[in-house]
Amino acid sequence: MNQPRRHQKVGDVFSQKLVSCPAHTPLVDAVRLMHVHNVTAIFVKHEQSIVGIWTEADCLQVDITSPVFKDVAIHEVMSAPVVSVPSQCLLSDATLRFQQHGIRHLLVLDNDKQPAGMLSLSDIVHNQGLDHYLQFRPIHEQYRTDLEIVDSAMSIEGVVDIMRAKRLESVLVYNQALDIHGIITQRDIVGLIIQTEWLNPCWQYASYPLIEIDSESSLFDAYRLMSDRNVRHLVVRDTDICGVISFADLITEIESAYCCELERAIEQRDIALQKSQRNLFLANKIIDASLDGIMLTQRDGTIIQVNPAFTKLTGFAEHEVIGKRPSILSSTKHSRSFYQKMWHAIEYDGVWQGEICNCKKGGEEFVEWLTIIKIKDPNVDEILYAAIFSDITERKRAEEKISQLAYYDELTGLPNRRLFNDRLSIALSAAKRNDDLLAVMFIDLDRFKEVNDSLGHDAGDNLLAQVADRILSILPQGDTLARLGGDEFVLLCEVSRVETLLGFAEQVLQQVSMPLLINEHEVAITASIGAAVYPDDGIDSATLLKHADIAMYRAKEVGRNSFQLFKPAMNARSLERLAMMSRLQNAIESDEFELYFQPKQHLNSGKILGVEALLRWQEPSLGVISPAKFIPLAEELGLIVKLDLWVIEQACKELTKWRQYDIEAGRLAINISANHLRQGLLASNVARLLEQYDVDPRKLEIELTESCFISHFSEAKQELLALKKLGVHITLDDFGTGYSALSYLTKLPIDTLKIDASFIAKVPDEYGNSEIVTAIITLAKSLSIHVVAEGVEKIEQLNYLQMLNCDTIQGYYFCRPIAKQQWYDFYLAKAQSA
Ligand SMILES: Nc1nc2c(ncn2[C@@H]2O[C@@H]3COP(=O)(O)O[C@H]4[C@@H](O)[C@H](n5cnc6c(=O)[nH]c(N)nc65)O[C@@H]4COP(=O)(O)O[C@H]3[C@H]2O)c(=O)[nH]1
């Protein structure tokens, strides 16, 4: 069966032919009226109102044989009240009415509730396109086999009685004489009502010959035959007559199938309705409970719905936005083209997703992750837009913070190593493309650790930030300054010529070395800078960085506060340094160290006044390595204290030998690292070893450089006082270099001051060095501090120092540092000549 046209209304199919008569009309007249109008039902009116209905099917209910039958008024036999439907009612609902009331006619009311026509079940059936359905329904399922065949001689009253009693729509009449069958139907009985006189027998009312149909035919064949022959009954024949099928049977079949289908459709509609109601309920619940803001707008942008999260996120209450446009939320952050692109995507792809900056009710900007979906309602020709958004301001902030932390140094705000590497590789690609030069400059602050240790980490941080600002202040636009960590900075600069790099490095050195004010202390700091240039010193990031680093170390070696441009020879030095580092780790255990001895001579008497023990490293493959090279490495590797302890122990052993062999060579001086003194264990270590080897402390001299006191002055002072208390002699080495803070001399228990060899090397001269040496000796004398001049190589130097009344000299002129046995030989020779 075709799908019923569910949206068809009664008004589309009903018949406007409404035949009616007043209530007192005799039934006979009413039936006549029906005949005239060729209708199957008549409505009964009383004072303009329809009060009842009489149909052909009611004819058997009337006793037409009664003598008073002709006086029966229609209101006595009509059905009341009349069931009606509005013309706007759906056909499906009207069909249900037929079913519920078991009727075949409905009164149709117009919009003013006035009778407008009649709807019969046949009207519905005719309008549902049933041909296809009927074609597939065989007739044998539907025709009636309970045939009633009466003799042609039977009276018509008898036939009416049988039909009424057996509720038959028709009976067959057999005429034996003619040996044919005829048929009497309900319509023939209705015809009797208006007959003035009845004829008997019934054969007179029978129709013949019979209109027959084969029992194998379809209901459609039957339907067509009835329509063609304008009859309502067909006799079904196999070999014999086997039944009758009426139009009412057809209708009933269609009706039941139609109603089944309708019921199913209604059931499905109910299920779908329930489902959609449930979906709607759930959708509303979800929308209400959603933490995402949701806003629904019409095609023209009018806001028609928002959820509670919308209010929470934007601050706008529902009533403040309904009827308004989404521009109520707009910030000025986005251009027209941004919104144009967004709407283009919504129109063509049906959806847009992205970040957008909007404004809350109070004007506060916030970033939202927004999805806009275009919704097309297939039932109504309407387009809606749903905007779903979450506030991602915090997440954006966190992301920015993370990226700040990931790419920037927190202390100085400068790019960190990661960002620097990124920029370096980008700059390298550009330099390769454009044939440009590019320089990488390593900047390492000299003795930063000492400032950090003496003034505290906060001060250290402050210093780093100030240094960064200073370098930034002279940084050309487009160049990058980054902090790699600690006191290491790196610069990425575009250079036109290598020579300009030198000038810039000088500027950086100058900026850094200007005194800084930190916690009300004036602090002076210097830097060592090394640079490598693309493409001469490397064509990739790693090589350039490595070479700049090597150059920076070289700058430190040659005397800090200086700049070095990478040279290939430095590479070899650096490799050598690495090789040394790995070998130094096990050098003590491998017994590769040895002490050399260099005597000090009293200037006036020429006597040996003391001896300095100088460390030598006999590295099996690299040969003898100078302490100037390995001491900084030992400091870097954290091996220096271990090395110092080894030296102190060797010195104690040596002094034991001196006592044993009556060697009168004054004191044995050893060099101690600043790191060891800072640890605060030097005095106790020395005391322990002196005691262990039973050595007179007065025989031991400890040489320290100024850097030992720069940081942790009071701790260093405590250590020196403790050493002094033991009886150990204290000498300030390399005086004149470094800080030369003369105040130390008065505040610390210093016995001897050694003038640095660099001054001695330049005396006598006319450039001021002689004056410095003179001043140092005068000062020392005034403080009753003993003075030693080291690095004396020439007789002129000796003479000059003698003139200045210097106490003691040390240097190649008198004796080079020599191995133990040579020292004994030297001593013996001296002793014998004396
Ligand atoms: N040009 C020249 N040089 C002369 C002359 N007379 C002596 N020297 C050298 O000058 C340096 C003097 O030692 P320093 O100033 O304490 O400087 C020492 C000292 O600071 C450090 N050092 C040496 N031995 C040790 C040690 O056992 N422990 C520690 N911590 N440092 C040591 O290594 C530095 C270098 O030691 P060396 O290479 O042995 O170099 C020694 C010595 O060989 C001279 O007339 N002309």
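About the thresholds
- Residues numbered from 1 in each chain as written.
- Predicted model: local features only at pLDDT ≥ 70, side-chain atom pairs only at ≥ 80, totals over all residues.
- Helix = DSSP H or I, 4+ residues; strand = E, 2+ residues; numbered from the N terminus.
- Buried ≥ 20, exposed ≤ 12 C-beta atoms within 10 Å, placed from the backbone.
- Contact = placed C-beta atoms within 7 Å.
- Pairing = 2+ DSSP bridges.
- Axes fitted to C-alpha atoms, helices over the stretch in contact; angles between N-to-C directions.
- Left-handed = near helix turned anticlockwise from the far one by under 90°.
- Nonpolar A, V, L, I, M, F, W, Y, C, P; charged D, E, K, R; others polar.
- Core = buried A, V, L, I, M, F, W, Y, C linked by C-beta atoms within 7 Å.
- Domains from an automatic or database assignment.
- Near = placed C-beta within 6 Å.
- pLDDT = per-residue confidence, 0-100.

The name given to the protein chain in an unreviewed UniProt entry is Diguanylate cyclase/phosphodiesterase with PAS/PAC sensor(S), with the source organism recorded as Pseudoalteromonas lipolytica.

Q: Help me understand the overall build of the protein chain in this model?
A: Counting secondary structure elements, the protein chain contains 31 helices and 33 strands. Within the protein chain, buried positions represent 34% of all 834 residues. The contacts in the protein chain between residues at least 6 apart in sequence include a share of 60% that link residues at least 24 apart.

Q: Explanation requested: the sheet that holds strand E6 (residues 115-120) in the structure shown.
A: One key point about sheets: their strands pair by backbone hydrogen bonds, in either a parallel or an antiparallel sense. Here we have three strands laid out as an open sheet, ordered E4-E5-E6, and mixed in their pairing. Every interior strand has two partners, whereas the edge strands, strand E4 (84-86) and E6, have only one. Across this sheet, the average inter-strand angle for adjacent strands is 35°, counted without regard to direction. Taken together, the three bridges between E4 and strand E5 (residues 105-109) define a ladder with parallel strand orientation. Opposite Ser84, over in E5, you have Leu107 as the bridge partner.

Q: Could you clarify how one ought to interpret the packing of helix H17 (residues 457-473) against helix H18 (residues 498-513) in this entry?
A: Think of two packed helices as two axes; the pair is described by the angle between the axes and how far apart they sit. Remark: H17 packs on H18, axes separated minimally by 9 Å, with the N-to-C direction vectors making an angle of 145°. Every pair of crossing elements has a handedness; the one defined by H17 and H18 is right-handed. Contacts between H17 and H18 involve Val467, Arg470 and Ile471 on the former and, on the latter, Val508, Gln511 and Val512. In the contact of H17 with H18, the residues fall into four nonpolar, one polar and one charged.

Q: How should unusual backbone geometry be read in this particular structure?
A: What is expected of a backbone is that most residues other than glycine have negative phi and most peptide bonds are trans. With omega at -5°, the peptide bond leading from Tyr208 into Pro209 counts as cis. For Pro209, the position within the fold is in the loop between helix H8 (186-193) and strand E10 (212-214). Note the cis peptide between Tyr534 and Pro535, where omega equals 5°. In this structure, Pro535 sits in the loop between strand E23 (527-534) and helix H19 (541-557).

Q: So what exactly am I meant to see when it comes to the sheet that holds strand E13 (residues 293-298) here?
A: Strands sit in the order E14-E13-E17-E16-E15 across an open sheet of five strands; the sheet is antiparallel. Among the strands making up the open sheet, the edge pair consists of strand E14 (303-306) and strand E15 (351-359). The average angle at which neighbouring strand axes cross in this sheet is 25°, direction not considered. In terms of strand pairing, E13 meets strand E17 (residues 382-391) through six bridges, oriented antiparallel. In the strand pairing of E17, Gln298 is matched with Leu384. Against the sheet, helix H13 (residues 336-349) contacts E15, strand E16 (365-377) and E17, and its axis sits at roughly 150° relative to E15.

Q: Explain the environment of Ile183 here, please?
A: Mapped onto the elements of the fold, Ile183 is located in strand E9 (residues 180-185). Once residues within four sequence positions are removed from consideration, Ile183 is found in contact with Ser170, Leu172, Val173, Ala206, Ser207, Leu210, His233 and Val235.

Q: Just to check I follow, could you spell out the nonpolar core for this structure?
A: Across soluble globular proteins, nonpolar side chains show a tendency to be buried alongside one another. Counting 63 residues, the largest nonpolar core has Ala94, Val108 and Cys202 as the members making the most contacts within it. Counting only domains with at least three residues in this core, you end up with domain 1 (10-124) and domain 2 (132-257). Other than its neighbours up to four places away in sequence, Cys202 contacts Val150, Ser152, Met154, Ser155, Ile156, Val159, Val173 and Ile184. By size, the runner-up hydrophobic cluster in this structure holds 60 residues, among which are Ala674, Leu720, Phe735 and Leu753.

Q: Looking at this structure, how should I read helix H16 (residues 448-455)?
A: Two residues of an α-helix separated by three or four positions point the same way, owing to the 3.6 residues in each turn. Listed as buried for H16 are Glu450, Val451 and Asn452. Phi turns positive, to about 100°, at Gly456, one or two residues after H16.

Q: Could you clarify how one ought to interpret the site of the ligand in this entry?
A: Around the ligand, a shell composed of 25 residues is seen, among which Leu615, Pro627, Asn671, Gly811 and Tyr812 lie nearest. Counting only elements with at least two residues in the shell around the ligand, the list comes to strand E26 (608-619), helix H21 (627-637), helix H22 (640-660), strand E28 (667-671) and strand E30 (729-735). If one sorts the elements of the shell around the ligand by residue count, H21 sits on top with three residues. When the residues that make up the shell around the ligand are grouped by side-chain class, the tally is 12 nonpolar, seven polar and six charged.

Q: What is the right way to read the pairing of E17 from this model?
A: The two faces of a sheet get side chains in turn, since along a regular strand they alternate between them. Inspection of the sheet shows E16 paired to E17 by 10 bridges, in the antiparallel sense. Bridge pairing in E17 places Leu370 opposite Phe389.

Q: In this structure, what is going on with the environment of Tyr824? I would like to understand it.
A: Among the secondary structure elements, Tyr824 is positioned in helix H31 (residues 820-833). Sequence-wise, Tyr824 and Phe597 are 227 residues apart; in three dimensions their C-alpha atoms are separated by 9.5 Å.

Q: Help me understand the confidence of the model for the protein chain, please; the structure alone is not making it clear to me.
A: The predicted model of the protein chain averages 87 in pLDDT, with 95% of residues at 70 or higher. Taken element by element, the predicted model of the protein chain shows its lowest mean pLDDT in helix H6 (residues 131-135) (70) and its highest in E28 (97). Counted against residues more than four places away or in other chains, residues 1-5, with its pLDDT under 50, gives 16 contacts. Both scores are given for the predicted complex: the pTM is 0.44, the ipTM 0.94.

Q: How should I be thinking about the pairing of strand E11 (residues 233-237) in this particular structure?
A: With four of five residues buried, E11 lies mostly within the body of the structure. When E10 meets E11, the two strands line up parallel, connected through three bridges. Within E11, the position partnered with Glu212 by the bridge is Val235. Examined bridge by bridge, E11 and strand E12 (residues 241-246) share five bridges and lie antiparallel to one another. Counterpart to Arg237 in the pairing with E12 is Ile241.

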